[in-house]
Amino acid sequence: MMTMALAELASRLNCAEYKNWLKAGQGLLLLRGALQGFAGEQVQAFHRSIAARLAARPPRCSGRCPPPRGKQFQPACSLCKEWKKEILKHHTHRTGEVNWGNCRPWLWPSNSWEIAKAYMPRGKADSCGPDKCDASGLLNLFTFCDHFSNIDQKKIREVIKCRNELMHSSDMKVSSSWLKEFGNHVQNLLSEFQDVPEAQAASTRIEKLLSSDWAVHVPGEDQLDGLESEISQMQMSEIEAELIKERLCEIRLCMEEQETISKEDLNRIQAVKDFIHNNHDLQRSLQAEMQNLEDLVQKLYSQQQLVKETEEVNCGEKKDEDCPLQKMKRMV
Ligand SMILES: [Zn+2]
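To start, this report covers the structure provided alongside it. (Residues numbered from 1 in each chain as written. Predicted model: local features only at pLDDT ≥ 70, side-chain atom pairs only at ≥ 80, totals over all residues. Heavy atoms only, no water.)

Topic: the pattern of salt bridges
Summed over all chains, the structure comprises 23 salt bridges. Measuring nitrogen to oxygen at the nearest pair gives 3.3 Å for the salt bridge that ties Lys89 to Glu86. Pair noted here: Lys89 and Glu86 are both in helix 3 (residues 78–89), with a separation of three residues, about one helical turn. By relative accessible area, which is 41% here, Lys89 ends up partly exposed. Glu246 is the partner of Arg163 in a salt bridge, and the nearest nitrogen-oxygen pair spans 2.9 Å. Residue Arg163 is located in helix 6 (residues 153–168), and its partner Glu246 is located in helix 9 (residues 233–258); the two are separated by 83 residues in the primary sequence. Of the two residues, Arg163 and Glu246, both sit in the buried class. A single network of salt bridges, built from pairs that share partners, joins Arg12, Glu240 and Asp281. (Salt bridge = Lys/Arg side-chain N within 4 Å of Asp/Glu carboxyl O. Helix = DSSP H or I, 4+ residues; strand = E, 2+ residues; numbered from the N terminus. Buried < 20%, exposed > 50% of the residue type's maximum accessible area, 1.4 Å probe, protein only.)

See the structure below:
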């Protein structure tokens, strides 16, 4: 790594609460890594049991089914109708909404992960296997699919709550007491997986992670003894970029769902943008995500303007409001 990038990373890690945020994020990445194999195997078993019940059905979708959009899927063929019924039957919130848009139903008979995605939050369409699935996807699967109901649901919900608090933290900082609580919740959940060796290994690694001091050595500066970390600086930067990416993705999904942008959204984006702007080493790895987000803001803003203009024509008055677009332009 370049010295300057190291210096920037070191200076960010001088903020204890930001370091806590990163450590918790890394804890979630370890948790995810530990449960992916288990999730994949269990989803295959779940899939086999449904496929066996539907064995008498035609082998594939007729091709006349419209692709699902968001929470809507109206299958036209009998096979897709049956699979949809089975997926709903095993949903723990049967009257709740399902993000059918995550799925490619024509693959349901042959691809077990395509049914798993029906139990996940929106935005998981591209998660094409357990190894591509984030902690949020896995934890939601464990709570919304009754195949996993033998896992203590309270323990899962506690970790989901922590994960959401972490990802919604506006300044990407959490306190040390929060981090301690988080560690307890994650360990409680991992204790549910006594038969999964990866989970037990992750339990030890997470314990070490949360008690370690992430120190960055900048060449030319005095290095203090005993601060050597078990995690390389390169890894730290990668973890950091991955977490900020997840946060940007979360903001984008939230705006897409609401189909509007609020001042709060703009403030959130501004905060991340300022943060990236002040840290050159992060700019390159996060450029594409930032651009996606800005494109979406422009698109939603134009739509909002259109609606507003129509309303103004209808009620004959012009409202004087702040223009978030100018705000966005200043950001670029
Ligand atoms: Zn079909």
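Some words on the coordination of the zinc ion
On the protein side, the zinc ion has Cys61 (SG), Cys65 (SG), Cys77 (SG) and Cys80 (SG) as donor atoms, found 2.2 to 2.4 Å from it. Coordination geometry of the zinc ion: the four donor atoms subtend angles of 103 to 115° at the metal centre, consistent with an arrangement described as tetrahedral. The sequence pattern formed by the donor residues of the zinc ion is C-x3-C-x11-C-x2-C. Grouping residues by exposure puts Cys61 and Cys65 together as buried. (Donors = N, O, S within 2.8 Å, 3.2 Å for Na, K, Ca; no water. Tetrahedral: all angles 85-135°; square planar, octahedral: opposite > 155°, others 65-115°.)

Section: the packing of aromatic side chains
Counted by the stated rule, this structure contains twelve aromatic pairs. Ring centres of Phe142 and Phe193 lie 6.2 Å apart, and the angle between their planes is 40°; on these two criteria the pair is classed as tilted. Residue Phe142 is located in helix 5 (residues 135–144), and its partner Phe193 is located in the loop between helix 7 (176–190) and helix 8 (197–211); the two are separated by 51 residues in the primary sequence. Each member of the pair, Phe142 together with Phe193, is buried. (Phe/Tyr/Trp six-rings, centres within 6.5 Å; stacked < 30°, edge-to-face > 60°.)

Brief notes about helix 10 (residues 263–277)
Since the α-helix advances by 3.6 residues per turn, residues separated by three or four positions end up pointing in the same direction. With 15 residues, helix 10 extends 20 Å between its outermost C-alpha atoms, agreeing within 8% with the 21 Å of an ideal straight helix rising 1.5 Å per residue. Along helix 10, the residues that are buried comprise Asp265, Leu266, Ile269, Val272, Lys273, Phe275 and Ile276. (Expected span 1.5 Å × (residues − 1).)

Honestly, that's just the spatial picture; any functional story needs more than this.
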